[in-house]
Amino acid sequence: MSAPRTTAPGSQLIETPERVALRRAVADLGGRYGSAYYLAKARAGRPADELWAEAGKAGYLGVNLPAEYGGGGGGITDLAIVLEELGTAGCPLLLLIVSPAICGTVIARYGTEEQKRHWLPGLADGSRRMAFGITEPDAGSNSHRISTVARRDREDWLLTGRKVFVSGIDHCDAVLFVARTEDARTGKLKPALFVVPRDTPGFEYRPIPMELVAPERQFQVFLDDVRLPAEALVGDENAGLLQLFAGLNPERVMTAAFSLGLARQALGKAVEYARTRVVWSTPIGAHQGLAHPLAQCAVEIELARLMTQKAALLYDAGEDAAAGEAANMAKYAAGEAAARTVDQAVQTLGGNGLTQEYGLGALLTATRVGRVAPVSREMVLNYVAQHTLGLPKSY
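What you see is a predicted model; the values in this text were computed from it and never measured.

Draft legend 1. Just the overall build of the protein, in detail. Tallying secondary structure elements over the protein gives 10 helices and 10 strands in all. Overall, the C-alpha framework of the protein stretches about 80 × 50 × 40 Å when taken along its three principal axes. Sorting the 395 residues of the protein into buried and exposed places 53% on the buried side. Within the protein, contacts between residues at least 6 apart in sequence are counted, and of these 71% link residues at least 24 apart. For the protein, the exposed surface amounts to about 17500 Å²; the carbon and sulfur share of it is 52%.

Draft legend 2. Region of interest: the side chain of Arg371. Relative to the helices and strands, Arg371 resides in helix α9 (residues 360-372). Those residues in contact with Arg371, other than ones at most four positions away along the chain, are Lys331, Gly335, Glu336, Ala339, Ser376 and Arg377.

Draft legend 3. Representation of the state of the cysteines. As enumerated under the stated definition, the model contains 0 disulfides in all. We note that Cys91 lacks a disulfide partner, and the nearest cysteine sulfur, in Cys172, lies 18 Å from it. Residue Cys91 is classed as buried on the basis of its relative accessible area of 0%. Looking at Cys172, it has no disulfide partner, and the nearest cysteine sulfur is the one in Cys103, 7.9 Å off. Relative accessible area serves as the criterion here: at 3%, Cys172 is assigned to the buried category.

Draft legend 4. Looking closely at the nonpolar core. Of all hydrophobic cores here, the largest spans 115 residues; its most connected members are Leu96, Met130, Phe132, Leu159, Leu176, Phe194 and Phe203. When residues of this core are assigned to their parent elements, the largest contribution, 16 residues, is made by helix α6 (residues 240-276). Dropping the residues within four chain positions of it, Leu159 is found in contact with Thr148, Val149, Ala150, Phe177, Ala179, Phe194, Val196, Leu223, Asp224, Asp225, Val226 and Leu228.

Draft legend 5. Expanded view of the packing of aromatic side chains. All chains considered together, the criterion is met by 6 aromatic pairs. Here the aromatic rings of Phe177 and Phe203 are separated by 5.6 Å at their centres, their planes lie at 75 degrees, and the arrangement is edge-to-face. Of this pair, Phe177 sits in strand β4 (residues 174-182) while Phe203 sits in strand β6 (residues 203-207), and the two are 26 residues apart along the sequence. For the pair Tyr273 and Tyr358, a centre-to-centre distance of 5.8 Å together with 85 degrees between the ring planes defines the contact as edge-to-face. Within this pair, whereas Tyr273 is found in helix α6, its partner Tyr358 is found in the loop between α8 (320-349) and α9, the two being separated by 85 residues in sequence. Chaining the aromatic ring pairs together yields one cluster made of Phe177, Phe203, Tyr205 and Phe219.

Draft legend 6. Structural detail: the environment of Ala80. Inspection of the secondary structure puts Ala80 in helix α3 (residues 76-88). Through-space distance from the C-alpha of Ala80 to that of Glu378 is 23 Å; in sequence the pair is 298 residues apart. Residues within four places of Ala80 in sequence aside, it is in contact with Val253, Met254 and Ala257.

Criteria and cut-off values
- Residues numbered from 1 in each chain as written.
- Predicted model: local features only at pLDDT ≥ 70, side-chain atom pairs only at ≥ 80, totals over all residues.
- Heavy atoms only, no water.
- Helix = DSSP H or I, 4+ residues; strand = E, 2+ residues; numbered from the N terminus.
- Buried < 20%, exposed > 50% of the residue type's maximum accessible area, 1.4 Å probe, protein only.
- Contact = heavy atoms within 4.5 Å.
- Areas by Shrake-Rupley, 256 points an atom, 1.4 Å probe, with all protein chains shown as cover.
- Disulfide = S-S within 2.5 Å.
- Core = buried A, V, L, I, M, F, W, Y, C linked by side-chain atoms within 4.5 Å.
- Phe/Tyr/Trp six-rings, centres within 6.5 Å; stacked < 30°, edge-to-face > 60°.

Here's what the structure looks like:
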């Protein structure tokens, strides 16, 4: 089954030859596994360990991490290519957003030398994985209302709180949690980041039943006076917000790449079906009623890809403010393009679009990920209205 062309003539004007080669190599790897492998793992409740291990061995999982710690020395631009191409091939690995992109980036930028040496080589080669816990039942998208609190107990920290929608804990070695500490000078709470090994006493997690068909399950977490050593704190206790957004902007870029992979996968299946499905002696793709909507999807996907590339390049260049705006726009554009494309793909296949054989039904729920996480489309529009257009804050 053919997918829309990965690279167009002149693509090296947009991406370096090395990145074009990376796209092709990852596409080849993903194609050897495909959606049948991915969906079988997901429906059996098992992780895609074989693909994860091979991607790690090839250097794709840690392509964004520093070379001195076993990574590829690239950036989020490169890791986004990996996720997009795996998703296009039918294997949208959600944990790529979390383990190397969020956790790996934060530790690489702000971790101590000991933390970097302890975690980054394993995150890069896939032998270790780390989840990320920020969302809480009552705070929702308002990270300023996080109620998980870390308080000092002599040299240690005691962590107490609750998190929801933490991906893949059951197959991760640790979780990077966002908590709040008390500012000794003002008494106000401020964000801070802590690495908590999964087997730490007082750390309990339970699966959340989901309609999402994915190898990574979602969990709710209960932290009851979890005792952590001083070295569990990542970075500076007084720079938690800056450090947090060092991980959140890559998360938005990677979520855009996740959505793009879903969209391109769906478009590829729909186009192939429209080419080969013959009714009344004519391929159905010859009819403008199907051809034009698919063409529109192709345009929207390509526009979202360009915005995602812009956001990733800005982030890798250290332009954090501009990257924040672009990453939000990219996540919005890719999420919308994916939702529209998967819907049109199902419509193109008719009843076949809802069979397990084609795998499009599973993508219907998967596309919602890019519209509701890590921040909802409505909150992105609030951000653009306020920060890009200069309109009054609405919340």
